[in-house]
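Okay, here's what each chain looks like letter by letter:
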Amino acid sequence: MKFYTPEEFRKYIDIARKIALEEQEKNKNLYEWNYYVFFNIAFYTGLRKGEIHALRWSDIDNNYLSVKRSITQKLHKTYIETPPKNRSSMRTIQIPLPLIKILNEHKERQKFLGYLSEDNRVLGDEKCIRDGVIDKRNNLYSSLAGVKRIRIHDFRHSHASLLANMGINIQEVARRLGHARVEMTWNTYSHLYPREEEKAIAVLNAV
């Protein structure tokens, strides 16, 4: 399993932000910000790629985000919108402050472009940003940042790995990821949890 540490992600996302700023200043192009926002959502929420594509502004309420649908992309720039992977994938999770700031800034860009609506998708407009272009940006950002390349799905692992390393309850990690069974989460991430042996012995010694 590959994932980014917070330090690696900061290097990576700083490059994404720099490229988006350059496109905005040189070419008056705001579309590049969609990729910057995509990878921030992936890291800070652990959402699946299709869940990110399907997000609408109406799914975000202050500091909460609701996953209600998913998108599968097809050839010739078509896509299919479906319910999420399973019942547990339909979830509402709290958004951390850095991502709230990023989303609010992105909302202002859409307002400036004149197509902001609560029914609009967070990324792009009604059309999805393409998976192939996301892969190209991923290669570019990791190369320029001097960090290892990870898959798009590995940003989901990065989110879970960060929480696991900080000792966050496995049930909360499973809930944020939308796993149907906590055993699935445990089997994937249990090796990342801090050793609790010394803490356990301290408790027993005090009896």
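Scroll up to find the structure.
These lines cover the structure that appears in this document, whether it is placed above or below. (Residues numbered from 1 in each chain as written. Predicted model: local features only at pLDDT ≥ 70, side-chain atom pairs only at ≥ 80, totals over all residues. Heavy atoms only, no water.)

### Looking at the side chain of Asp131
Here is step 1: One can find Asp131 in helix 5 (residues 131–145).
Here is step 2: Residue Asp131 is classed as buried on the basis of its relative accessible area of 18%.
Here is step 3: A distance of 2.7 Å separates a polar atom in the side chain of Asp131 from a polar atom in the side chain of His53.
Here is step 4: When near neighbours in sequence (up to four residues on either side) are disregarded, Asp131 contacts Lys49, His53 and Gln73. (Helix = DSSP H or I, 4+ residues; strand = E, 2+ residues; numbered from the N terminus. Buried < 20%, exposed > 50% of the residue type's maximum accessible area, 1.4 Å probe, protein only. Polar contact = N/O pair within 3.5 Å; in protein donor to acceptor, adjacent residues only side chain to side chain. Contact = heavy atoms within 4.5 Å.)

### Concerning the sheet that holds strand 5 (residues 91–94)
Here is step 1: A sheet is described by the order of its strands in space; here 3 strands give the open sequence 1-2-5, paired in antiparallel fashion. On the outer flanks of this sheet lie strand 1 (60–61) and strand 5, each paired with one strand and no other.
Here is step 2: Across 2 bridges, the pairing between strand 1 and strand 2 (residues 64–67) is antiparallel. Bridge pairing in strand 2 links Asp61 to Tyr64. (Pairing = 2+ DSSP bridges.)

### What about the pattern of salt bridges?
Here is step 1: One pass over the structure, following the stated rule, counts 16 salt bridges.
Here is step 2: Among the ionic pairs, Glu81 bridges to Arg69, the shortest N-O distance being 3.9 Å. With Glu81 in strand 4 (residues 79–82) and Arg69 in the loop between strand 2 and strand 3 (70–73), this pair connects stretches of sequence that are 12 residues apart.
Here is step 3: What makes Arg69 buried here is its relative accessible area of 15%.
Here is step 4: A cluster of three or more residues bridged by salt bridges with shared partners is formed by Arg56, Asp59, Lys68, Arg69, Glu81 and Arg121. (Salt bridge = Lys/Arg side-chain N within 4 Å of Asp/Glu carboxyl O.)

### Points about empty space enclosed by the protein
Here is step 1: Tallying each qualifying case throughout the model produces 1 cavity of 30 Å³ or more.
Here is step 2: For the largest cavity, the full set of lining residues is Leu30, Tyr31, Asn34, His106, Arg109, Gln110, Leu113 and Tyr115.
Here is step 3: When residues of the lining of the largest cavity are assigned to their parent elements, the largest contribution, 4 residues, is made by helix 4 (residues 97–113).
Here is step 4: Of the residues in the lining of the largest cavity, the class split is 4 nonpolar, 3 polar and 1 charged. (1 Å grid on protein atoms, 1.4 Å probe; cavity = no way out; pocket = protein on both sides within 12 Å on 5 of 7 lines; lining within 4 Å. Points joined across faces, edges and corners; volume = space filled by probe spheres on them. Nonpolar A, V, L, I, M, F, W, Y, C, P; charged D, E, K, R; others polar.)

### So, the packing of helix 2 (residues 33–45) against helix 4
Here is step 1: For the pair helix 2 and helix 4, the least separation of the axes is 10 Å and the interaxial angle reads 155°. One finds that helix 2 runs roughly antiparallel with respect to helix 4. Relative to helix 4, the crossing made by helix 2 is left-handed. For the pair helix 2 and helix 4, contact is made by Trp33, Asn34, Tyr36, Val37, Asn40, Ile41, Tyr44 and Thr45 and by Pro98, Leu99, Ile102, Leu103, His106 and Arg109, respectively.
Here is step 2: Taken together, the residues of the contact of helix 2 with helix 4 break down into 9 nonpolar, 4 polar and 1 charged. (Axes fitted to C-alpha atoms, helices over the stretch in contact; angles between N-to-C directions. Parallel < 35°, antiparallel > 145°, perpendicular 65-115°, else oblique. Left-handed = near helix turned anticlockwise from the far one by under 90°.)

### A look at helix 7 (residues 170–177)
Here is step 1: Ile170, Val173, Ala174, Arg176 and Leu177 are the residues of helix 7 that are buried. Taken down its axis, helix 7 places every buried residue within 165° of arc, on the same side.
Here is step 2: Backbone geometry just downstream of helix 7 places Gly178 in the positive-phi region, at approximately 80°. (Arc of directions from axis to C-beta.)

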